[in-house]
Protein chains: 2
Amino acid sequence: MSIIQPRTLKGFRDYLPVPMAARERVLEVARSVYRSFGFVPIETPVLEYSEILFGKGGEESDRQMYRFEDNGGRDVAMRFDLTVPLARFAAQHVGTLGTPFKRYQVGPVWRGENTQRGRYREFVQFDFDTIGTESLVADVETLVVVHDLFVALDISDFKIHFNNRDLLNGLLERLGLLERGASVLRALDKLPKIGADAVRAELHESSAATSEQADAILALAELRGTNDEVLAALPAIVGESPHAVTGLAAIKTVLEGVRAAGVADSRVRLDVSIARGLTYYTGTVFETFLEDLPSIGSVCSGGRYDDLASLYTKQRLPGIGGSLGVDRLMAAIDELGLIDDRGATADVFIPYFAKDRINDYLSLAERLRKAGLSVELYPEPRKLGAQMKYADRRGHRLAIVVGDREWEAGTAQIKDLASATAQEVAFANLVERCAALLEDGV
Amino acid sequence: MSIIQPRTLKGFRDYLPVPMAARERVLEVARSVYRSFGFVPIETPVLEYSEILFGKGGEESDRQMYRFEDNGGRDVAMRFDLTVPLARFAAQHVGTLGTPFKRYQVGPVWRGENTQRGRYREFVQFDFDTIGTESLVADVETLVVVHDLFVALDISDFKIHFNNRDLLNGLLERLGLLERGASVLRALDKLPKIGADAVRAELHESSAATSEQADAILALAELRGTNDEVLAALPAIVGESPHAVTGLAAIKTVLEGVRAAGVADSRVRLDVSIARGLTYYTGTVFETFLEDLPSIGSVCSGGRYDDLASLYTKQRLPGIGGSLGVDRLMAAIDELGLIDDRGATADVFIPYFAKDRINDYLSLAERLRKAGLSVELYPEPRKLGAQMKYADRRGHRLAIVVGDREWEAGTAQIKDLASATAQEVAFANLVERCAALLEDGV
C-alpha cells in the first residue's frame, strides 16, 4: 500500500496539546464570564443555505466563502462568522425564546483568505450578543463584559476603545454628507495605515468632500485626549444635528455606566477614530487592543447593529454584541509568554516498572483520581529511567515511584520533578501529601 | 428588500439554550475525566485533503462525505469522524510529540446520512485515544475512562460491553475461515437486528460457511452469562489456535485490570456478541449501553486499531480509543428527563425599574458578579410585573428587587422565585444572603 503524505490544507493547521490546553482555558474563562452576565449558549450548524450567508458580509466575504453543492443538489456554504447565523437564528426562534435574548456561541468560521498575510482560513470566534433591546444598558454591559473577560484572563495591558457611529453621522449631517457615510467610513478605517493626507485625498475622490469638509472629518477622527477632554471637545466638532445629539448623549450614558460598574478610565477609552469597516453597525462600536502588542490589532470587537435580522424577518430585532478573536488572542498570549508549557499534562505521573504489579498500579492511580488528582500511569513496564525521561519531557509535577520494595513496605517515593527532590510516604498519607505538594505549586 | 426564509438545512439543526447548556455540562465533565487520566487536547481542521479521508471509513463513509473543490481548485472534504484525522495527525506529529501519546478531541463531524432514520448530518463526537503502545494497560484504562465518565455524568444505568476480536479470529482460525473474517463480522454485526437464522443464512452465502461452521460461530456469538461464566466457557468454544490463546489471555488481563481499578462487574460485561462493524479494529472492542434506553444504541464505542496510521507513515503506531456520541447521549439524557430546565439561566435576576438609578443597578450587578454570582440585569426600565414574568419564564432562582424606596433605605428584597417568598436584606449582607440561599438549592 502506498503512503499518503500526512499534511493539512494550506491556511489550515493542527493545534498541538500545549497551545490547545491554553486555548481551552481561554474558552472556559470566556464562557464563565459570559454566563455570569446571563448570556446563554446556543449552537448553529457549520453549513447553511448559501442564500442565508451570501451578500451579508460584503463583497470580500462572498469571494472568500467556502460554497458548494451538496450531494442533494443544495447550494450550501460554510459560515464566515457567527453574527449572520445568529441573525438567522434569532429570526427563526425569537417566538420561542422571547426578548431580550442574550446568547453566546463559540466555534470555527472559514474564510478563504490570502494566506500570505499570515492569516488562517479556519479560525475560532467566541461571540456574545444581546438581541431585542435598544437600551444603552446593553451597550454598557457589552463593554463591561469585555472588561471583565480580559481581567479574568489575567491580561493586564488591554484597553477597550469605543465610539458611536452617530458622532460621525452627526458631523456628516451638518456637512450635508450623510448619504456618503459608507464611503467616508471606508476611508477613515484606513487612517492608521495610510495617514491623514491619503485619507483626505480618498475623501475627496470617493465621497466628493471639499477640503473644508475633509478637514472637519479628520478633525473628528484625530481628536485625542482623556475621556473627559474628548467629551468636552466633541460638541463643537460634531454640532447639534439630530444624529450628533443622539451620539453625544449615548457616549455620555455609556461612559457613566461603565464607570458605575467599576471600570477604570484607564481600561476604556472614548476613541472617535474607531470606525469598524462593517457597514451594518448603527451605534456603539468598539475594539480591544493589547498595549504591549499593538501590531496584532483588535482581539475583541463589536458594536450595535439594529437592522441585521431584518434580512430574515419583519420583526424588529436590534442587537449589540462582541466577538473574541480566539486565535488572534492565542497568538498574542503566546507572544507575551503567557502559555503554560505544563498546562496540558496531568499533575501526577506513575511509572510502571514492577512488572507483575500492574493491577496494584491501576488501583493506586484510580484511588488518586478519586481524590481529585490527575494521574498518568505509564502503560508499559519499561526501565524506570526511560519513564522518568518521558515524564520530564511531558512536564508532570510529581512522580509517584513504587517498586517491589515499596509495594512490600506499603510506601511510595514522591518525586518533585522540577526540583528533583524526593520523600518517602506511607500509602495512607499519599493522597494528602500529593495534594499538599501540588497546592504549594511544585 | 425581500425577506429570506430563516431555516436550517435538512438534517441540520440549531441547539437552543437549555439543551445546549446541558451539552456544555456533558463536554465539561468528559474533558475533566479525560484529563484526569493524562489525556491532552488537540484540534485538527474541519477540512482535509480528500485523499486523507477518502476510502478510510468504507464505502458508506465515502458516499456520505461532504466533498468539494475549494476556490483554489483543491479536492477537499469535511471530516466524517475524528479517528481518521487523528491517524493523519499522529503520523505527522509523532516525532514532536513522542509516544505514548494520549489525546482527546471534541468537535462536529459530517455525514450525508439518510435523515429518514432520524439521524442528523452534523453531530458531535468526543474522542480519547492512546497512540503508540500495544500494552493491554491501555485497553484496561480505556474501559476505566468510560466507566468513570458515566459515573461522573451521574448516569446510573450504563453498562460497558467488551469483547476481543481475537476470540472470533481464534475460532475462525480453528474452522479454517480466518480469511473470511470481514464478511463474518458484517454478518454477526446484524445479529441483534435480523436474528440467528438470517445470520446463519448470510454466513453460508457471504462466507461459504458450512452448517457446522455457522453453528460454531453462532455458539460463540450467543454465549451469555456472568463474566466468570463466559470466561470459563470460552476455551472450549474458541479452541487453542494462536489467535484464541492471545484473545483469551487479553480478556482475562483486561477483566482483572478493570476490577483492580474498582470497576464493578455490574458495569462492565464480557459480551462476545459485540462485533463492531468497522474492519480496522484488531483487539479489544467495546460499546456502552444505557439499560433504561437500549433502543438508543451504543453511546460510547471504540476499540484497538493497530494499523490505522500505516496509511500515512511507515512508523508503527498502534492505538486504542473511544468515542462518546455526544448528540446521541444528549437525546438519551433528554429522554431520561435529566436536562435541567434552569441550567442555562443566571442564578440571580435584577429587574430595572427605578428609572434614574441605572448606574446604581449596574454597580450592584457587578458587585454580585465579583462575589462569584451569575447575575442578569434587565436592560429596560419596564414595569416590574413584566420583568418578573420574564424571570419566571427564564427560570432564574433569585430576584433582587430594589426600587426607589429600597435605594433610599439601603436594602433589597430577595425573592425566591420558585417558592415566591421574599425577605428584606441590607445591602451589606446581600452577597452573603444570596450565596446562602443558592447553596440551599432554591
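Calculation notes
Residues numbered from 1 in each chain as written. Chains lettered and ligands numbered in written order. Predicted model: local features only at pLDDT ≥ 70, side-chain atom pairs only at ≥ 80, totals over all residues. Helix = DSSP H or I, 4+ residues; strand = E, 2+ residues; numbered from the N terminus. Buried ≥ 20, exposed ≤ 12 C-beta atoms within 10 Å, placed from the backbone. Contact = placed C-beta atoms within 7 Å. Pairing = 2+ DSSP bridges. Axes fitted to C-alpha atoms, helices over the stretch in contact; angles between N-to-C directions. Domains from an automatic or database assignment. Core = buried A, V, L, I, M, F, W, Y, C linked by C-beta atoms within 7 Å. Nonpolar A, V, L, I, M, F, W, Y, C, P; charged D, E, K, R; others polar. Expected span 1.5 Å × (residues − 1). Least-squares fit on C-alpha atoms with pLDDT ≥ 70 in both. pLDDT = per-residue confidence, 0-100.

Some remarks on the overall build of chain A
The number of helices and strands found in chain A is 16 helices and 16 strands. By principal-axis analysis of the C-alpha atoms, chain A measures approximately 90 × 55 × 45 Å. Considering chain A as a whole, with its 442 residues, one finds that 49% of them fall into the buried category. The long-range fraction of contacts in chain A, counting pairs at least 24 apart against all pairs at least 6 apart in sequence, stands at 68%.

Considerations on the sheet that holds strand E7 (residues 158–164) of chain B
Residue and element names in this part refer to chain B. What the eight strands build is an open sheet, ordered E1-E5-E6-E11-E10-E9-E7-E8; its pairing is mixed. The sheet is open, and its two edges are formed by strand E1 (40–41) and strand E8 (268–270), each paired on a single side. On top of the sheet, helix H11 (residues 242–260) reaches E7, E8 and strand E9 (284–290); it is set at about 150 degrees to E7, its chief contact.

Comments concerning the domain arrangement of chain A
Along its sequence, chain A is carved into domain 1 (17–167 + 223–335) and domain 2 (348–439). The C-alpha centroid of domain 2 of chain A is placed 47 Å from the C-alpha centroid of domain 1 of chain A.

So, the nonpolar core
Membership of the largest hydrophobic core comes to 268 residues, with the highest contact counts inside it found for Ile350 of chain A together with Ile350 of chain B. Setting aside residues up to four positions removed in sequence, isoleucine 350 of chain A forms contacts with Tyr361, Leu364, Ala365, Val375, Leu377, Tyr378 and Ile400 of chain A.

Examining the interface of chain A and chain B
Contacts between the two partners involve 79 residues from chain A, matched on the other side by 79 residues from chain B. Tallied by class, the residues present in the side of chain A that touches chain B amount to 41 nonpolar, 19 polar and 19 charged.

Concerning the pairing of strand E4 (residues 75–78) of chain A
All names here are of chain A. In this structure, strand E2 (residues 47–49) lies alongside E4, joined through three bridges in antiparallel fashion. Paired with tyrosine 49 across the bridge in E4 is valine 76. The pairing of strand E3 (residues 67–69) with E4 spans three bridges and is classified as antiparallel. The residue bridging phenylalanine 68 from the neighbouring strand is valine 76, located in E4.

Notes on helix H1 (residues 17–36) of chain A
Residues and elements named next belong to chain A. In this model, H1 (20 residues) spans 28 Å end to end at C-alpha, consistent with the 28 Å of a helix rising 1.5 Å per residue. Buried residues of H1: Pro17, Pro19, Met20, Ala21, Ala22, Arg23, Val26, Ala30, Val33, Tyr34, Arg35 and Ser36, and no others. Phi turns positive, to about 90 degrees, at glycine 38, one or two residues after H1.

A short note on the relation of the copies chain A and chain B
Placing chain A over chain B gives an RMSD of 0.0 Å and needs a rotation angle of 180 degrees, together with 0.0 Å of translation along the axis. This pairing of chains is accounted for by a two-fold axis. Within chain A, phenylalanine 68 of chain A has its C-alpha nearest the rotation axis, a separation of 3.3 Å. Take the interface residues of chain A: 100% of them recur as interface residues in chain B, which is what a same-surface contact looks like.

Concerning the sheet that holds strand E3 (residues 67–69) of chain B
All names here are of chain B. Pairing within the open sheet is antiparallel, and its three strands lie in the order E2-E4-E3. Of all the strands in the sheet, just strand E2 (47–49) and E3 have a single pairing partner and so form its edges. When strand polarity is set aside, the average angle formed by the axes of neighbouring strands in this sheet is 35 degrees.

A closer look at the pairing of strand E6 (residues 122–131) of chain B
Looking down a regular strand, the side chains alternate between one sheet face and the other. All names here are of chain B. Among the ten residues of E6, nine are classified as buried, and the element is accordingly described as predominantly covered. With seven bridges joining them, E6 and strand E11 (residues 319–325) adopt antiparallel strand pairing. When the sheet's bridge partners are listed, isoleucine 131 is paired in E11 with glycine 319.

With respect to the confidence of the model for chain A
Should the pLDDT be low somewhere, the predicted coordinates at that spot are not to be read in detail. In the predicted model, chain A carries a mean pLDDT of 93, and the fraction of residues at 70 or more is 98%. For this predicted complex, the interface confidence score (ipTM) comes to 0.93, while the overall pTM stands at 0.94.

Section: the environment of serine 211 of chain B
Mapped onto the elements of the fold, serine 211 of chain B is located in helix H9 (residues 211–221). Taking the C-alpha atoms as reference points, serine 211 of chain B and threonine 133 of chain B, separated by 78 residues in sequence, lie 39 Å from one another.

Here's the deal with unusual backbone geometry
Of note, the bond from threonine 99 of chain A into proline 100 of chain A is cis; its omega dihedral lies within 30 degrees of zero at -5 degrees. Of note, proline 100 of chain A is situated in the loop between helix H4 (83–97) and strand E5 (101–110). If you check the backbone angles, aspartate 154 of chain B has positive phi at about 65 degrees while not being a glycine. In this structure, aspartate 154 of chain B sits in the loop between helix H5 (136–152) and E7. Residue aspartate 154 of chain B is classed as exposed on the basis of its C-beta count, with 9 C-beta atoms lying within 10 Å. Of note in the backbone geometry, alanine 420 of chain B takes a positive phi value of approximately 60 degrees without being a glycine. The topology assignment puts alanine 420 of chain B in the loop between strand E15 (411–416) and strand E16 (421–426). Classification of alanine 420 of chain B as exposed rests on a count of 9 C-beta atoms within 10 Å.

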